[in-house]
Amino acid sequence: MEFTARVIADYLKGELEGNPDVKVNAFTKIEEGKPGTLTFLANPKYEKYLYETEADIVIVNKSQPVTGRVKSTLIKVDDAYGAFATLLELYHASVPEKTGREEPAYVASSALLGEGVFVGVFSCIAEHARIGNQVKIHRQVYIGENVKIGDRTVLYPGVKVYRDCVIGCDCILHSGAVVGADGFGFAPQSGADFKKIPQIGNVVIEDRVEIGANTCIDRATIGSTILRRGVKLDNLIQVGHNVEIGENTVIASQSGISGSSKIGPNCMIAGQVGIAGHIVIAEGTKIGAQSGLNSSVKEPNRAIMGTPAFDYTGYMKSSVIIRKLPELTKRIDELEKKTAVNNG
Amino acid sequence: MEFTARVIADYLKGELEGNPDVKVNAFTKIEEGKPGTLTFLANPKYEKYLYETEADIVIVNKSQPVTGRVKSTLIKVDDAYGAFATLLELYHASVPEKTGREEPAYVASSALLGEGVFVGVFSCIAEHARIGNQVKIHRQVYIGENVKIGDRTVLYPGVKVYRDCVIGCDCILHSGAVVGADGFGFAPQSGADFKKIPQIGNVVIEDRVEIGANTCIDRATIGSTILRRGVKLDNLIQVGHNVEIGENTVIASQSGISGSSKIGPNCMIAGQVGIAGHIVIAEGTKIGAQSGLNSSVKEPNRAIMGTPAFDYTGYMKSSVIIRKLPELTKRIDELEKKTAVNNG
Amino acid sequence: MEFTARVIADYLKGELEGNPDVKVNAFTKIEEGKPGTLTFLANPKYEKYLYETEADIVIVNKSQPVTGRVKSTLIKVDDAYGAFATLLELYHASVPEKTGREEPAYVASSALLGEGVFVGVFSCIAEHARIGNQVKIHRQVYIGENVKIGDRTVLYPGVKVYRDCVIGCDCILHSGAVVGADGFGFAPQSGADFKKIPQIGNVVIEDRVEIGANTCIDRATIGSTILRRGVKLDNLIQVGHNVEIGENTVIASQSGISGSSKIGPNCMIAGQVGIAGHIVIAEGTKIGAQSGLNSSVKEPNRAIMGTPAFDYTGYMKSSVIIRKLPELTKRIDELEKKTAVNNG
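Residues numbered from 1 in each chain as written. Chains lettered and ligands numbered in written order. Predicted model: local features only at pLDDT ≥ 70, side-chain atom pairs only at ≥ 80, totals over all residues. Heavy atoms only, no water.

## Section: a nonpolar patch on the surface
All names here are of chain A.
Here is step 1: There is a patch of nonpolar side chains on the surface, built from Met 1, Phe 3, Val 7 and Tyr 91 and spanning about 400 Å² of accessible area.
Here is step 2: Mapped onto the fold, Val 7 is located in helix H1 (residues 5-12).
Here is step 3: We classify Val 7 as partly exposed; its relative accessible area is 44%. (Patch = residues over 30% accessible without salt bridge, like charges linked within 9 Å, V, L, I, M, F, W, Y side chains within 5 Å. Areas by Shrake-Rupley, 256 points an atom, 1.4 Å probe, with all protein chains shown as cover. Salt bridge = Lys/Arg side-chain N within 4 Å of Asp/Glu carboxyl O. Helix = DSSP H or I, 4+ residues; strand = E, 2+ residues; numbered from the N terminus. Buried < 20%, exposed > 50% of the residue type's maximum accessible area, 1.4 Å probe, protein only.)

## Section: empty space enclosed by the protein
The method is simple in principle: a probe with the dimensions of a water molecule rolls over the atoms, and the space it marks as empty is what remains.
Here is step 1: Counting across every chain of the model gives five cavities of 30 Å³ or more.
Here is step 2: If you add up the space inside the largest cavity, you get close to 960 Å³.
Here is step 3: Along the wall of the largest cavity there are 44 residues; nearest its centre are Gln290(A), Thr307(A), Thr307(B), Gln290(C) and Thr307(C).
Here is step 4: Counting only elements with at least two residues in the lining of the largest cavity, the list comes to helix H4 (312-323) of chain A, helix H4 (312-323) of chain B together with helix H4 (312-323) of chain C.
Here is step 5: In this structure, the second largest cavity spans a volume of roughly 220 Å³.
Here is step 6: In terms of lining, the second largest cavity is formed by 25 residues, of which the most central are Gly158(A), Gly158(B), Lys160(B), Gly158(C) and Lys160(C).
Here is step 7: A breakdown of the residues in the lining of the second largest cavity according to their chemical character gives seven nonpolar, 15 polar and three charged. (1 Å grid on protein atoms, 1.4 Å probe; cavity = no way out; pocket = protein on both sides within 12 Å on 5 of 7 lines; lining within 4 Å. Points joined across faces, edges and corners; volume = space filled by probe spheres on them. Nonpolar A, V, L, I, M, F, W, Y, C, P; charged D, E, K, R; others polar.)

## A look at the relation of the copies chain B and chain A
Here is step 1: Each copy of the sequence occupies a distinct position, and chain B is placed on chain A by a rotation of 120 degrees and an axial shift of 0.0 Å, giving an RMSD of 0.1 Å. A rotation of that kind, with that shift, is consistent with a three-fold axis. (Least-squares fit on C-alpha atoms with pLDDT ≥ 70 in both.)

## A short note on the interface of chain A and chain C
Here is step 1: The interface is formed by 61 residues belonging to chain A together with 65 residues belonging to chain C.
Here is step 2: Both sides of the chain A and chain C interface together cover about 5000 Å² of buried area, and 61% of this is carbon and sulfur.
Here is step 3: A salt bridge links Glu336(A) to Arg331(C); the shortest N-O distance between them is 2.8 Å.
Here is step 4: Along the lines of polarity and charge, the residues of the side of chain A that touches chain C split into 26 nonpolar, 22 polar and 13 charged. (Contact = heavy atoms within 4.5 Å. Buried area = accessible area lost by both parts, 1.4 Å probe.)

## Overview of helix H3 (residues 80-94) of chain A
Here is step 1: Taking 1.5 Å per residue, 15 residues should reach 21 Å; H3(A) reaches 21 Å between its end C-alpha atoms and fits that length.
Here is step 2: Within the sequence span of H3(A), burial applies to Ala80(A), Gly82(A), Ala83(A), Phe84(A), Ala85(A), Leu87(A) and Leu88(A).
Here is step 3: Looking at the buried side of H3(A), the elements it contacts are H1, strand S4 (26-27), strand S5 (37-41), strand S6 (57-61) and strand S7 (73-77) of chain A together with strand S23 (194-196) of chain C. (Expected span 1.5 Å × (residues − 1).)

## Points about the packing of helix H1 (residues 5-12) of chain C against helix H3 (residues 80-94) of chain C
Residue and element names in this part refer to chain C.
Here is step 1: Their axes nearest at 11 Å, the elements H1 and H3 cross at an angle of 110 degrees. It follows from the interaxial angle that H1 and H3 lie roughly perpendicular. Across the interface between the two elements, Ile 8, Tyr 11 and Leu 12 from H1 touch Ala 83, Thr 86, Leu 87 and Leu 90 from H3.
Here is step 2: Along the lines of polarity and charge, the residues of the contact of H1 with H3 split into six nonpolar, one polar and no charged. (Axes fitted to C-alpha atoms, helices over the stretch in contact; angles between N-to-C directions. Parallel < 35°, antiparallel > 145°, perpendicular 65-115°, else oblique.)

Next up, the structure:
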């Protein structure tokens, strides 16, 4: 597909500056711009690339100062990043969608499939599963017994959903994600061996949730592990049994949440964070990377960091002093010497 | 299935208080109790729920004080949590077990399968594998050449077991677990490129081991990576080549153990812990979440935490002071000023 | 296969000491040596095993002092570990390689396969994929549309490669690795919900790269996420979108690199390290386990550790003092008392 700057400017309702007839057929980063590509500049810090790029079209903010010579055609909009994202979406939507059923695939006769469903080769849809309309079940996916999946949800190759779990509409699950494996529950017995506590609950994932590659969401012991509407989980995350994650909370890669904890809505949790079991994290909490939380966060909208986590600014101050601890120790040694002399 | 309080009380040899004819058909958490459900109260801290719950039956400890009005039928036993777990097990055992072989599945002609084995669709059992009785190989599982699996072991959809590995009886492996991938072994060469050290050993997993979703157990360079009887591993754990983990040791999610380390029996290792290579952790060691161990723990039954880890109580004391480091620094500044004056 | 000490010594061009006719058919660790096995001793620290081992053949360095009675036949070479690795390679190469195509497998008619390719049962090679010569696509592998894979690369069971990704020659991808899932990119919208930024780039993996089990390499938003020649990644690693990892850099298990960061060549990154987005790590940087990096490392060949990371030696000094913080606090208390008295 090839588009002229004029067509794109019209679509974005932007102002065109430069050759309206130049054609592009690919997206690029501004610092890697080549002829035939379109890019954007949103951060004024990178202005210099505007004069260096070989991209034929650059989408810029109307507020962007232009102080040098620009070879590219500019399209000026209110929000360059948003406009660029819109074009990416258009492109993405143009990839033809698969429908129908490839063979061999295993679809239990008691499973109910909506309209426009794609079932990839070597996938399995077990007994009594109910699959909504336009759901894409890519290759080698496993959908267990009684699983329910809402409209337009996409399951990439190799996703595994254990029995009885419920997934909403417009969700995306990436390869290797495991939904509904047993929670980690064992009771000590009189002997030294542990006794497994059966995990008979399920996982409930509401609408518009995205789950990254190889992320694991354990089923509840009883009741449900719940991901509320709009939750976004990156790759390799662990969500323990009976956890609840609030609406629109975003969690970066390799973080883990232990059993029965409740994360409020609109939280932002960075990578490799660990959250202990049975605690509550208030709405809007921001947690820095690699932090460890062993107690609840009751006040909303705090930024915290460290293990155990405390306020972010304090953590940053303390971490600077940690580097100076040897020096600090020397100063104390020195003070003790002087004080001994004074007292001596 | 529906049971009366009387039948359940008889089964648990408990004392019944309230309506013996009330019927339940599901389990619930006490705070989410609804008519038709059964729940339990083990922790006296949550006594208030006893008076609020809508569950029709509550299993309680005989020692549980009852000071308010209870709507539910009570079943009083010595160990409410244990009794509830027993009922969960009964329920879990009532899910009908699959046997036989779904098609298409790949079972090498040289593979030996015991009685009552289930082989799910799209699974692969390679040459010379030996599968015990009542083993459940769910869908899309991979069993490599010469693998041996003991009786009653369950492999959930998508488990991958590389060639030559040995898994005991009564084990459970969850989706995405990878047993026997190459250990991470490379030798520097005269040039800048690394040379791969072939990993020709295997993994040996003894009886009653549970392995969580997407957990990785690497094969040994030579010899075996060993998980002893009763080991329980949560999700997303890394076990390096030639590691040995002792009996009944329990490890929480996202922890990692580097090559050739030996973990003693009855250890409890929390989440996101890192253990360096070639070290030894004594029996009964308890390691706090996110700790990092770079040297051996020789004394058994210690509780440790931190990176590098030291004793748990000390860690907790130090971590409180870390928050006060800016204040501590000011106090030293102040002291220096005063001492300078005193000396001046 | 069974070989005599003489044959092995000749092959390694080593000096033989002891019975040249003794035969071995397996490798072993020196401390676990049994009759019929071959082992090696490279580290003089473990000399005592030389006198205890039951292995029939031990490869030793020419420089190895022998002060006791040795039962085994010795083969003396310049580099015992290298010689042993060479024998492991020979053994490994003797495992017969699979070729041809098992059925059922899904190979799109538009896919191009080179010579000597193995396609395992239940694997899927999608439209327009191009597979080089002698590539081994084991069972249950997924190769997306337009993927290109170079000669002799091995994909173990269950590897998933999303559309448009490019993998070089002589690479190894272990089970559960996911290449090309969407990067984690969301833009806040005027409402509380996030908007997904389409990820239309790809992943480019150059030659001689190894990727561990369940490791995730996200595709770029636009452009490519790049792993340069000779990169070695352990298990359960996260590589974010638009990351670039330089030649021969080695990363241990469970580390994560956030979006758009550039890691230089010849770095050594230990386990559970976290690297923030949009930073640059200079060539030859060594990063200690569990470190967290939130800013660029500009000077090459530094060793760093901690969160936030600083120089390794300093970190080690500070971590010793952290254990003594309660004592340090007491010393300051004491000083304040004394100084108050002096001033009083």
